[in-house]
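# Inside the fold
One letter stands for each residue in the lines below.
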Amino acid sequence: MAGIVQFDNVGLRYGTGAETLAGLSFTLAPGSFHFLTGPSGAGKTSLINLITLAQRPSRGIVCLFGRDTANLPRKELPELRRRIGVVYQDFRLVPQLSAFDNVALPLRICGMAEREITPRVEELLDWVGLGPRAAARPATLSGGEQQRVAIARAVITHPELIVADEPTGNVDPEMAARLLHLLEVLNRQGTTVLIATHDVHLLRQMPGASIMRLAKGRIDDPTGALRFPPRVSEA
Amino acid sequence: MLVLQRQRPGTFSLLMAATCLLMLLAAALTLALRSAAHEIADAAAQRIIVQVIDADPIRRDRVADEVITRLDRFAGFGSAQRVPPKEVQALIAPYIEGVSPNDLPLPALIELKKGRQGALARIFRDLPTVRVTAAGAELSPLVRLIDALRAVSTGIALTAAAATALIATLAARAALAREAATLGILHALGATDRQILRLVTGKIARDAGLGAAGGLAIALMIILMIASRLTDIGVGVNSHLSGTAWMVLLLLPLGLVGVAVLAAQGALLASLRRAP
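Residues numbered from 1 in each chain as written. Chains lettered and ligands numbered in written order. Predicted model: local features only at pLDDT ≥ 70, side-chain atom pairs only at ≥ 80, totals over all residues. Heavy atoms only, no water.

## Observations regarding the packing of aromatic side chains
Residues and elements named next belong to chain A. Tallying each qualifying case throughout the model produces 2 aromatic pairs over all chains. Centroid distance Phe-7 to Phe-26: 4.6 Å. Interplanar angle 25°. Geometry classified as stacked. Taken together, the positions of Phe-7 in strand β1 (residues 5-13) and Phe-26 in strand β2 (residues 19-28) put the pair 19 residues apart, joining distant regions of the chain. Each of the two residues, Phe-7 as well as Phe-26, counts as buried. Aromatic pair Phe-33 and Phe-35: ring centres 5.5 Å apart, planes at 55°, arrangement tilted. An identical accessibility class is assigned to Phe-33 and Phe-35; each is buried. The positively charged end of Arg-83 is found above the aromatic ring belonging to Phe-65, 4.1 Å away from the centroid. The lysine or arginine in question, Arg-92, covers the ring of Tyr-88, its NZ or CZ lying 4.1 Å from the ring centre. (Phe/Tyr/Trp six-rings, centres within 6.5 Å; stacked < 30°, edge-to-face > 60°. Helix = DSSP H or I, 4+ residues; strand = E, 2+ residues; numbered from the N terminus. Buried < 20%, exposed > 50% of the residue type's maximum accessible area, 1.4 Å probe, protein only. Lys NZ or Arg CZ within 6 Å of the ring centre and 35° of its normal.)

Below, the structure is given as C-alpha coordinates:
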(Lines give C-alpha, C1' and ligand atoms only; values in the text may rest on other atoms or scores of the structure.)
Protein backbone atom coordinates (compact mmCIF):
# COMPACT_ATOMS: atom_id res chain seq x y z
CA MET A 1 0.00 0.00 0.00
CA ALA A 2 1.39 3.41 -0.93
CA GLY A 3 2.22 5.53 2.07
CA ILE A 4 1.04 9.03 2.82
CA VAL A 5 4.72 9.78 3.47
CA GLN A 6 7.55 7.77 1.96
CA PHE A 7 11.22 8.51 2.60
CA ASP A 8 13.81 6.60 0.62
CA ASN A 9 17.45 7.06 1.67
CA VAL A 10 16.84 10.72 2.45
CA GLY A 11 19.63 12.97 3.63
CA LEU A 12 19.63 16.62 4.61
CA ARG A 13 22.70 18.78 4.84
CA TYR A 14 22.89 22.47 5.75
CA GLY A 15 25.65 24.15 3.79
CA THR A 16 28.83 22.13 3.62
CA GLY A 17 28.57 20.62 7.11
CA ALA A 18 27.83 17.04 8.08
CA GLU A 19 24.42 15.60 7.26
CA THR A 20 21.76 16.53 9.82
CA LEU A 21 19.62 13.66 8.58
CA ALA A 22 21.17 10.66 6.90
CA GLY A 23 19.81 7.61 5.13
CA LEU A 24 16.22 7.96 6.33
CA SER A 25 13.89 5.39 4.82
CA PHE A 26 10.41 4.87 6.23
CA THR A 27 6.77 4.91 5.27
CA LEU A 28 3.80 6.40 7.10
CA ALA A 29 0.74 4.44 6.06
CA PRO A 30 -2.63 6.16 5.63
CA GLY A 31 -4.53 6.28 8.91
CA SER A 32 -1.50 5.38 11.04
CA PHE A 33 -0.44 7.11 14.28
CA HIS A 34 3.24 7.78 14.97
CA PHE A 35 5.35 9.35 17.63
CA LEU A 36 8.73 10.77 16.77
CA THR A 37 11.09 10.89 19.71
CA GLY A 38 14.74 11.61 20.21
CA PRO A 39 17.05 13.91 22.09
CA SER A 40 17.33 17.60 21.33
CA GLY A 41 19.37 18.15 18.17
CA ALA A 42 18.56 14.70 16.83
CA GLY A 43 16.93 16.23 13.76
CA LYS A 44 13.23 15.99 14.64
CA THR A 45 12.42 19.50 13.47
CA SER A 46 14.46 19.00 10.28
CA LEU A 47 12.52 15.81 9.58
CA ILE A 48 9.25 17.66 10.17
CA ASN A 49 10.42 20.43 7.83
CA LEU A 50 11.00 17.85 5.09
CA ILE A 51 7.58 16.30 5.61
CA THR A 52 5.82 19.67 5.63
CA LEU A 53 7.71 20.80 2.49
CA ALA A 54 9.43 23.63 4.33
CA GLN A 55 12.72 22.18 3.08
CA ARG A 56 13.93 19.99 0.26
CA PRO A 57 16.20 17.01 0.91
CA SER A 58 19.86 17.11 -0.13
CA ARG A 59 19.55 13.55 -1.38
CA GLY A 60 17.07 10.70 -1.56
CA ILE A 61 13.40 10.68 -2.42
CA VAL A 62 10.57 12.20 -0.39
CA CYS A 63 7.14 11.17 -1.60
CA LEU A 64 4.01 12.79 -0.20
CA PHE A 65 0.59 11.44 -1.07
CA GLY A 66 2.27 9.32 -3.74
CA ARG A 67 4.05 12.29 -5.40
CA ASP A 68 7.81 12.69 -5.57
CA THR A 69 8.30 16.16 -4.15
CA ALA A 70 11.67 16.63 -5.85
CA ASN A 71 10.07 16.59 -9.30
CA LEU A 72 6.98 18.52 -8.32
CA PRO A 73 6.48 21.91 -9.99
CA ARG A 74 6.54 24.73 -7.47
CA LYS A 75 2.96 25.71 -8.24
CA GLU A 76 1.71 22.29 -7.09
CA LEU A 77 3.33 22.50 -3.64
CA PRO A 78 0.53 24.60 -2.02
CA GLU A 79 -1.99 21.90 -2.91
CA LEU A 80 0.09 19.30 -1.05
CA ARG A 81 0.67 21.65 1.91
CA ARG A 82 -3.08 22.13 2.27
CA ARG A 83 -3.41 18.39 2.87
CA ILE A 84 -1.08 18.62 5.86
CA GLY A 85 -1.96 20.20 9.20
CA VAL A 86 1.10 21.37 11.10
CA VAL A 87 1.43 22.32 14.77
CA TYR A 88 4.72 24.12 15.30
CA GLN A 89 6.64 24.06 18.53
CA ASP A 90 6.71 27.87 18.48
CA PHE A 91 3.03 27.99 17.37
CA ARG A 92 3.70 30.40 14.47
CA LEU A 93 0.45 32.27 14.91
CA VAL A 94 0.00 35.48 12.92
CA PRO A 95 0.41 38.14 15.61
CA GLN A 96 -1.88 40.74 14.05
CA LEU A 97 -4.80 38.32 13.69
CA SER A 98 -7.27 37.29 16.37
CA ALA A 99 -7.52 33.67 17.57
CA PHE A 100 -10.60 33.31 15.35
CA ASP A 101 -8.82 34.66 12.26
CA ASN A 102 -5.75 32.52 12.91
CA VAL A 103 -7.88 29.39 13.01
CA ALA A 104 -9.86 30.54 9.96
CA LEU A 105 -6.71 31.24 7.94
CA PRO A 106 -6.30 27.79 6.30
CA LEU A 107 -9.97 27.85 5.26
CA ARG A 108 -9.62 31.34 3.80
CA ILE A 109 -6.48 30.26 1.93
CA CYS A 110 -8.52 27.40 0.46
CA GLY A 111 -11.13 29.95 -0.65
CA MET A 112 -13.99 28.79 1.58
CA ALA A 113 -16.97 31.15 1.93
CA GLU A 114 -17.15 33.17 5.17
CA ARG A 115 -20.62 31.83 6.01
CA GLU A 116 -19.16 28.32 6.12
CA ILE A 117 -16.02 29.38 7.95
CA THR A 118 -17.64 31.10 10.94
CA PRO A 119 -19.60 28.17 12.44
CA ARG A 120 -16.74 25.78 11.84
CA VAL A 121 -14.16 27.97 13.55
CA GLU A 122 -16.50 28.86 16.43
CA GLU A 123 -17.24 25.19 17.05
CA LEU A 124 -13.56 24.25 17.12
CA LEU A 125 -12.60 27.20 19.33
CA ASP A 126 -15.35 26.18 21.76
CA TRP A 127 -14.02 22.66 21.71
CA VAL A 128 -10.50 23.74 22.67
CA GLY A 129 -12.00 26.01 25.32
CA LEU A 130 -11.20 29.29 23.60
CA GLY A 131 -14.70 30.34 22.51
CA PRO A 132 -14.75 33.38 24.81
CA ARG A 133 -11.27 34.40 23.66
CA ALA A 134 -11.95 34.23 19.93
CA ALA A 135 -11.27 37.93 19.44
CA ALA A 136 -8.02 37.94 21.41
CA ARG A 137 -4.70 38.49 19.67
CA PRO A 138 -1.93 35.89 20.25
CA ALA A 139 0.12 38.34 22.33
CA THR A 140 -2.70 38.48 24.90
CA LEU A 141 -3.06 34.68 25.08
CA SER A 142 -1.09 32.42 27.40
CA GLY A 143 1.33 29.85 25.98
CA GLY A 144 -1.20 27.09 26.45
CA GLU A 145 -3.95 29.10 24.79
CA GLN A 146 -1.69 29.88 21.85
CA GLN A 147 -0.88 26.18 21.52
CA ARG A 148 -4.57 25.35 21.43
CA VAL A 149 -5.13 27.96 18.73
CA ALA A 150 -2.24 26.40 16.76
CA ILE A 151 -3.77 22.94 17.09
CA ALA A 152 -7.22 24.21 16.10
CA ARG A 153 -5.65 25.84 13.04
CA ALA A 154 -3.90 22.59 12.10
CA VAL A 155 -7.03 20.45 12.26
CA ILE A 156 -9.66 22.89 10.97
CA THR A 157 -9.39 21.64 7.38
CA HIS A 158 -9.51 17.94 8.40
CA PRO A 159 -6.15 17.32 6.73
CA GLU A 160 -5.04 13.89 5.60
CA LEU A 161 -1.81 14.22 7.59
CA ILE A 162 -1.23 16.03 10.87
CA VAL A 163 2.32 16.76 11.93
CA ALA A 164 2.73 18.19 15.41
CA ASP A 165 5.97 19.31 17.03
CA GLU A 166 5.58 19.10 20.82
CA PRO A 167 1.84 19.87 20.65
CA THR A 168 1.22 19.49 24.37
CA GLY A 169 4.34 21.18 25.66
CA ASN A 170 2.52 24.20 27.06
CA VAL A 171 -0.83 22.84 28.16
CA ASP A 172 -1.95 21.26 31.42
CA PRO A 173 -2.34 17.47 31.57
CA GLU A 174 -6.11 17.66 31.24
CA MET A 175 -5.91 19.78 28.08
CA ALA A 176 -3.09 17.56 26.78
CA ALA A 177 -5.35 14.56 27.14
CA ARG A 178 -8.19 16.40 25.39
CA LEU A 179 -5.92 17.42 22.50
CA LEU A 180 -4.55 13.93 22.17
CA HIS A 181 -8.12 12.64 22.16
CA LEU A 182 -8.91 15.05 19.32
CA LEU A 183 -5.94 13.76 17.32
CA GLU A 184 -7.02 10.21 18.10
CA VAL A 185 -10.53 10.90 16.86
CA LEU A 186 -9.17 12.42 13.67
CA ASN A 187 -6.85 9.42 13.31
CA ARG A 188 -9.81 7.05 13.64
CA GLN A 189 -11.46 9.01 10.83
CA GLY A 190 -8.49 8.22 8.62
CA THR A 191 -6.04 11.04 9.29
CA THR A 192 -2.40 10.06 9.57
CA VAL A 193 -0.82 11.59 12.66
CA LEU A 194 2.86 12.17 13.44
CA ILE A 195 3.71 13.75 16.78
CA ALA A 196 7.23 14.77 17.73
CA THR A 197 7.43 14.78 21.50
CA HIS A 198 9.51 14.33 24.61
CA ASP A 199 6.39 13.77 26.67
CA VAL A 200 6.51 10.16 27.82
CA HIS A 201 3.02 10.44 29.30
CA LEU A 202 1.74 11.16 25.85
CA LEU A 203 3.44 8.03 24.51
CA ARG A 204 1.82 5.95 27.22
CA GLN A 205 -1.63 7.24 26.37
CA MET A 206 -1.37 5.85 22.84
CA PRO A 207 -0.03 2.34 23.25
CA GLY A 208 -1.02 1.38 19.69
CA ALA A 209 1.05 4.10 18.08
CA SER A 210 4.32 3.41 16.34
CA ILE A 211 7.39 5.13 17.72
CA MET A 212 10.23 6.39 15.60
CA ARG A 213 13.36 7.23 17.52
CA LEU A 214 15.65 9.69 15.90
CA ALA A 215 19.26 9.84 17.06
CA LYS A 216 22.09 11.71 15.35
CA GLY A 217 20.01 12.12 12.21
CA ARG A 218 19.15 8.44 11.86
CA ILE A 219 15.99 6.54 12.70
CA ASP A 220 16.48 3.66 15.09
CA ASP A 221 13.39 1.81 14.14
CA PRO A 222 12.18 2.64 10.67
CA THR A 223 10.07 -0.51 10.50
CA GLY A 224 7.85 0.63 13.33
CA ALA A 225 8.49 -2.56 15.26
CA LEU A 226 8.82 -0.69 18.52
CA ARG A 227 5.12 -0.41 19.13
CA PHE A 228 5.41 0.30 22.80
CA PRO A 229 6.23 3.34 24.84
CA PRO A 230 9.65 3.57 26.39
CA ARG A 231 10.08 2.64 29.97
CA VAL A 232 9.13 5.46 32.27
CA SER A 233 10.48 5.68 35.72
CA GLU A 234 7.63 5.96 38.18
CA ALA A 235 9.68 8.00 40.59
CA MET B 1 -7.48 38.16 3.96
CA LEU B 2 -6.04 40.97 6.08
CA VAL B 3 -2.91 39.31 7.33
CA LEU B 4 -0.18 41.86 6.91
CA GLN B 5 0.67 44.39 9.56
CA ARG B 6 -1.38 47.55 9.42
CA GLN B 7 1.06 50.37 9.11
CA ARG B 8 0.49 53.99 8.35
CA PRO B 9 1.63 54.83 4.83
CA GLY B 10 5.06 56.26 5.33
CA THR B 11 8.21 56.85 3.36
CA PHE B 12 7.07 54.86 0.34
CA SER B 13 3.93 56.99 -0.09
CA LEU B 14 5.93 60.19 0.33
CA LEU B 15 8.48 59.06 -2.27
CA MET B 16 5.64 58.11 -4.60
CA ALA B 17 4.10 61.55 -4.13
CA ALA B 18 7.44 63.21 -4.91
CA THR B 19 8.13 61.16 -8.06
CA CYS B 20 4.52 61.56 -9.19
CA LEU B 21 4.74 65.34 -8.74
CA LEU B 22 8.02 65.48 -10.65
CA MET B 23 6.68 63.29 -13.42
CA LEU B 24 3.43 65.24 -13.79
CA LEU B 25 5.22 68.59 -13.98
CA ALA B 26 7.65 67.21 -16.54
CA ALA B 27 4.79 65.62 -18.49
CA ALA B 28 2.77 68.87 -18.40
CA LEU B 29 5.81 70.72 -19.76
CA THR B 30 6.30 68.07 -22.45
CA LEU B 31 2.65 68.26 -23.50
CA ALA B 32 2.54 72.06 -23.46
CA LEU B 33 5.78 72.33 -25.42
CA ARG B 34 4.54 69.71 -27.85
CA SER B 35 1.59 71.83 -28.99
CA ALA B 36 3.65 75.02 -28.82
CA ALA B 37 6.32 73.42 -30.97
CA HIS B 38 3.67 72.25 -33.43
CA GLU B 39 2.24 75.73 -33.70
CA ILE B 40 5.62 77.34 -34.18
CA ALA B 41 6.79 74.64 -36.58
CA ASP B 42 3.62 75.10 -38.65
CA ALA B 43 4.22 78.83 -38.71
CA ALA B 44 7.86 78.30 -39.53
CA ALA B 45 7.02 75.98 -42.37
CA GLN B 46 4.26 78.06 -44.02
CA ARG B 47 4.69 81.72 -43.17
CA ILE B 48 5.93 83.57 -46.25
CA ILE B 49 6.97 87.15 -46.90
CA VAL B 50 6.83 88.41 -50.48
CA GLN B 51 9.02 91.48 -51.04
CA VAL B 52 8.78 93.86 -53.93
CA ILE B 53 12.15 95.55 -54.23
CA ASP B 54 11.90 98.54 -56.46
CA ALA B 55 13.18 102.04 -55.94
CA ASP B 56 10.31 103.54 -57.91
CA PRO B 57 7.41 103.81 -55.45
CA ILE B 58 4.71 103.91 -58.17
CA ARG B 59 6.03 100.81 -59.94
CA ARG B 60 6.56 99.12 -56.56
CA ASP B 61 2.93 99.71 -55.54
CA ARG B 62 1.72 98.47 -58.92
CA VAL B 63 3.74 95.24 -58.67
CA ALA B 64 2.56 94.79 -55.07
CA ASP B 65 -1.07 95.07 -56.21
CA GLU B 66 -0.32 92.57 -58.99
CA VAL B 67 1.18 90.16 -56.44
CA ILE B 68 -1.91 90.37 -54.21
CA THR B 69 -4.20 89.90 -57.20
CA ARG B 70 -2.30 86.79 -58.29
CA LEU B 71 -2.30 85.37 -54.76
CA ASP B 72 -6.05 85.88 -54.49
CA ARG B 73 -6.48 84.11 -57.84
CA PHE B 74 -4.61 80.96 -56.83
CA ALA B 75 -6.31 78.65 -54.39
CA GLY B 76 -4.34 77.04 -51.57
CA PHE B 77 -2.72 80.18 -50.20
CA GLY B 78 -3.93 81.91 -47.07
CA SER B 79 -5.06 85.50 -47.14
CA ALA B 80 -2.35 87.84 -48.39
CA GLN B 81 -1.99 91.18 -46.70
CA ARG B 82 0.35 94.02 -47.50
CA VAL B 83 2.22 95.23 -44.47
CA PRO B 84 1.35 98.94 -44.23
CA PRO B 85 4.36 101.07 -45.39
CA LYS B 86 4.21 103.05 -42.12
CA GLU B 87 4.68 99.82 -40.21
CA VAL B 88 7.72 98.92 -42.32
CA GLN B 89 9.13 102.39 -41.76
CA ALA B 90 8.53 102.08 -38.02
CA LEU B 91 10.35 98.75 -38.03
CA ILE B 92 13.43 100.18 -39.68
CA ALA B 93 13.48 103.60 -37.98
CA PRO B 94 15.59 102.57 -34.95
CA TYR B 95 18.38 101.37 -37.28
CA ILE B 96 18.65 104.53 -39.42
CA GLU B 97 18.95 107.24 -36.85
CA GLY B 98 19.13 110.66 -38.43
CA VAL B 99 17.69 109.56 -41.76
CA SER B 100 13.98 109.78 -42.60
CA PRO B 101 12.57 106.39 -43.65
CA ASN B 102 10.64 108.28 -46.32
CA ASP B 103 13.95 108.93 -48.04
CA LEU B 104 14.73 105.24 -48.31
CA PRO B 105 13.39 102.94 -51.04
CA LEU B 106 11.94 100.39 -48.62
CA PRO B 107 10.48 97.27 -50.23
CA ALA B 108 6.77 96.55 -50.17
CA LEU B 109 6.11 93.60 -47.88
CA ILE B 110 3.23 91.18 -48.42
CA GLU B 111 2.62 88.70 -45.66
CA LEU B 112 1.20 85.24 -46.31
CA LYS B 113 0.21 83.00 -43.38
CA LYS B 114 0.15 79.90 -45.52
CA GLY B 115 2.21 79.19 -48.59
CA ARG B 116 5.08 77.28 -50.11
CA GLN B 117 8.18 79.17 -51.11
CA GLY B 118 8.90 77.17 -54.29
CA ALA B 119 5.37 77.39 -55.67
CA LEU B 120 5.21 81.12 -55.05
CA ALA B 121 8.55 81.71 -56.69
CA ARG B 122 7.22 80.02 -59.82
CA ILE B 123 4.09 82.21 -59.83
CA PHE B 124 6.15 85.38 -59.72
CA ARG B 125 8.87 84.21 -62.11
CA ASP B 126 7.95 86.95 -64.59
CA LEU B 127 8.22 89.68 -61.94
CA PRO B 128 11.98 90.22 -61.41
CA THR B 129 11.50 92.67 -58.55
CA VAL B 130 9.62 90.12 -56.46
CA ARG B 131 11.47 88.03 -53.82
CA VAL B 132 9.80 85.24 -51.90
CA THR B 133 11.27 84.40 -48.47
CA ALA B 134 10.18 81.89 -45.83
CA ALA B 135 9.74 83.96 -42.69
CA GLY B 136 9.61 80.87 -40.55
CA ALA B 137 13.25 80.10 -41.20
CA GLU B 138 14.01 82.70 -38.53
CA LEU B 139 11.97 80.66 -36.05
CA SER B 140 13.83 77.42 -36.58
CA PRO B 141 16.34 78.01 -33.71
CA LEU B 142 13.38 78.55 -31.39
CA VAL B 143 11.78 75.34 -32.63
CA ARG B 144 15.04 73.49 -32.00
CA LEU B 145 15.22 74.95 -28.49
CA ILE B 146 11.65 73.87 -27.77
CA ASP B 147 12.43 70.38 -29.11
CA ALA B 148 15.45 70.18 -26.81
CA LEU B 149 13.36 71.30 -23.81
CA ARG B 150 10.76 68.71 -24.73
CA ALA B 151 13.41 66.00 -24.84
CA VAL B 152 14.68 67.09 -21.40
CA SER B 153 11.21 67.15 -19.85
CA THR B 154 10.38 63.76 -21.40
CA GLY B 155 13.64 62.45 -19.95
CA ILE B 156 12.71 63.79 -16.50
CA ALA B 157 9.27 62.15 -16.74
CA LEU B 158 10.82 58.81 -17.74
CA THR B 159 13.45 59.09 -15.01
CA ALA B 160 10.69 59.70 -12.48
CA ALA B 161 8.88 56.57 -13.74
CA ALA B 162 12.11 54.55 -13.47
CA ALA B 163 12.70 55.93 -9.96
CA THR B 164 9.18 54.85 -9.04
CA ALA B 165 9.91 51.33 -10.26
CA LEU B 166 13.09 51.24 -8.15
CA ILE B 167 11.31 52.62 -5.08
CA ALA B 168 8.53 50.05 -5.48
CA THR B 169 11.09 47.27 -5.82
CA LEU B 170 12.77 48.39 -2.60
CA ALA B 171 9.40 48.72 -0.89
CA ALA B 172 8.45 45.21 -1.96
CA ARG B 173 11.72 43.80 -0.64
CA ALA B 174 11.26 45.69 2.63
CA ALA B 175 7.70 44.38 2.92
CA LEU B 176 8.97 40.85 2.32
CA ALA B 177 11.63 41.24 5.00
CA ARG B 178 9.18 42.83 7.46
CA GLU B 179 6.48 40.22 6.84
CA ALA B 180 8.78 37.23 6.33
CA ALA B 181 7.40 35.36 9.35
CA THR B 182 3.78 35.91 8.38
CA LEU B 183 4.40 35.05 4.74
CA GLY B 184 6.26 31.91 5.86
CA ILE B 185 3.20 30.86 7.86
CA LEU B 186 0.93 31.52 4.90
CA HIS B 187 3.19 29.43 2.66
CA ALA B 188 3.20 26.60 5.21
CA LEU B 189 -0.60 26.70 5.35
CA GLY B 190 -0.76 26.24 1.59
CA ALA B 191 -1.04 29.79 0.30
CA THR B 192 -0.01 30.05 -3.33
CA ASP B 193 2.58 32.49 -4.64
CA ARG B 194 -0.29 34.30 -6.34
CA GLN B 195 -2.12 34.78 -3.01
CA ILE B 196 1.04 36.07 -1.35
CA LEU B 197 1.67 38.32 -4.33
CA ARG B 198 -1.88 39.70 -4.11
CA LEU B 199 -1.45 40.43 -0.43
CA VAL B 200 1.83 42.27 -0.66
CA THR B 201 1.21 44.06 -3.96
CA GLY B 202 -2.27 45.03 -2.73
CA LYS B 203 -0.67 46.90 0.15
CA ILE B 204 1.94 48.44 -2.15
CA ALA B 205 -0.78 49.47 -4.62
CA ARG B 206 -2.76 51.15 -1.81
CA ASP B 207 0.29 53.06 -0.54
CA ALA B 208 1.37 53.94 -4.09
CA GLY B 209 -2.16 55.11 -4.92
CA LEU B 210 -2.19 57.34 -1.87
CA GLY B 211 1.19 58.84 -2.77
CA ALA B 212 0.22 59.29 -6.44
CA ALA B 213 -3.02 61.03 -5.43
CA GLY B 214 -1.06 63.42 -3.22
CA GLY B 215 1.45 64.09 -6.01
CA LEU B 216 -1.39 64.66 -8.50
CA ALA B 217 -3.13 67.14 -6.20
CA ILE B 218 0.03 69.20 -5.69
CA ALA B 219 0.98 69.01 -9.39
CA LEU B 220 -2.49 70.19 -10.45
CA MET B 221 -2.26 73.11 -8.05
CA ILE B 222 1.12 74.11 -9.48
CA ILE B 223 0.03 73.69 -13.12
CA LEU B 224 -3.17 75.68 -12.57
CA MET B 225 -1.24 78.39 -10.71
CA ILE B 226 1.27 78.72 -13.58
CA ALA B 227 -1.64 78.67 -16.05
CA SER B 228 -3.30 81.54 -14.23
CA ARG B 229 -0.02 83.54 -14.12
CA LEU B 230 0.47 82.98 -17.87
CA THR B 231 -3.10 84.01 -18.56
CA ASP B 232 -2.41 87.22 -16.61
CA ILE B 233 0.38 88.08 -19.05
CA GLY B 234 -1.76 87.14 -22.04
CA VAL B 235 -0.48 83.64 -22.78
CA GLY B 236 -3.25 81.06 -22.62
CA VAL B 237 -1.84 77.79 -21.32
CA ASN B 238 -5.18 76.12 -21.93
CA SER B 239 -4.57 76.57 -25.64
CA HIS B 240 -1.36 74.52 -25.21
CA LEU B 241 -2.81 71.89 -22.85
CA SER B 242 -5.65 70.31 -24.77
CA GLY B 243 -8.41 68.17 -23.29
CA THR B 244 -6.43 65.10 -24.30
CA ALA B 245 -3.35 66.47 -22.56
CA TRP B 246 -5.33 67.03 -19.34
CA MET B 247 -6.67 63.48 -19.65
CA VAL B 248 -3.11 62.17 -20.04
CA LEU B 249 -2.01 64.13 -16.96
CA LEU B 250 -4.89 62.70 -14.93
CA LEU B 251 -4.17 59.15 -16.11
CA LEU B 252 -0.40 59.29 -15.57
CA PRO B 253 -0.60 58.70 -11.77
CA LEU B 254 -2.57 55.53 -12.50
CA GLY B 255 0.18 54.47 -14.87
CA LEU B 256 2.74 55.25 -12.19
CA VAL B 257 0.86 53.06 -9.70
CA GLY B 258 0.83 50.35 -12.37
CA VAL B 259 4.62 50.69 -12.79
CA ALA B 260 5.03 50.45 -9.00
CA VAL B 261 2.84 47.34 -8.77
CA LEU B 262 4.59 45.64 -11.70
CA ALA B 263 8.04 46.40 -10.27
CA ALA B 264 6.95 45.13 -6.85
CA GLN B 265 5.52 41.98 -8.42
CA GLY B 266 8.78 41.35 -10.25
CA ALA B 267 10.80 41.70 -7.04
CA LEU B 268 8.35 39.53 -5.09
CA LEU B 269 8.25 36.79 -7.70
CA ALA B 270 12.05 36.66 -7.76
CA SER B 271 12.10 36.31 -3.96
CA LEU B 272 9.27 33.77 -3.84
CA ARG B 273 10.99 31.59 -6.43
CA ARG B 274 13.96 31.31 -4.08
CA ALA B 275 11.69 30.02 -1.25
CA PRO B 276 11.43 26.19 -0.78
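What follows continues from the structure just given.
## Some details on the pattern of salt bridges
Residue and element names in this part refer to chain A. Applying the stated rule across the entire model yields 17 salt bridges over all chains. In this structure, Arg-67 engages Glu-76 in a salt bridge whose closest nitrogen and oxygen atoms are separated by 2.6 Å. Between Arg-188 and Glu-184 there is a salt bridge, and its shortest N-O distance comes to 3.7 Å. Separated by 4 residues within a single helix, Arg-188 and Glu-184 lie in helix α6 (residues 173-188), roughly one turn from each other. A residue is classified by how much of its surface remains accessible, and Arg-188, at 59% relative accessible area, is exposed. (Salt bridge = Lys/Arg side-chain N within 4 Å of Asp/Glu carboxyl O.)

Fair warning: the whole summary comes from geometry, so function is off the table for now.
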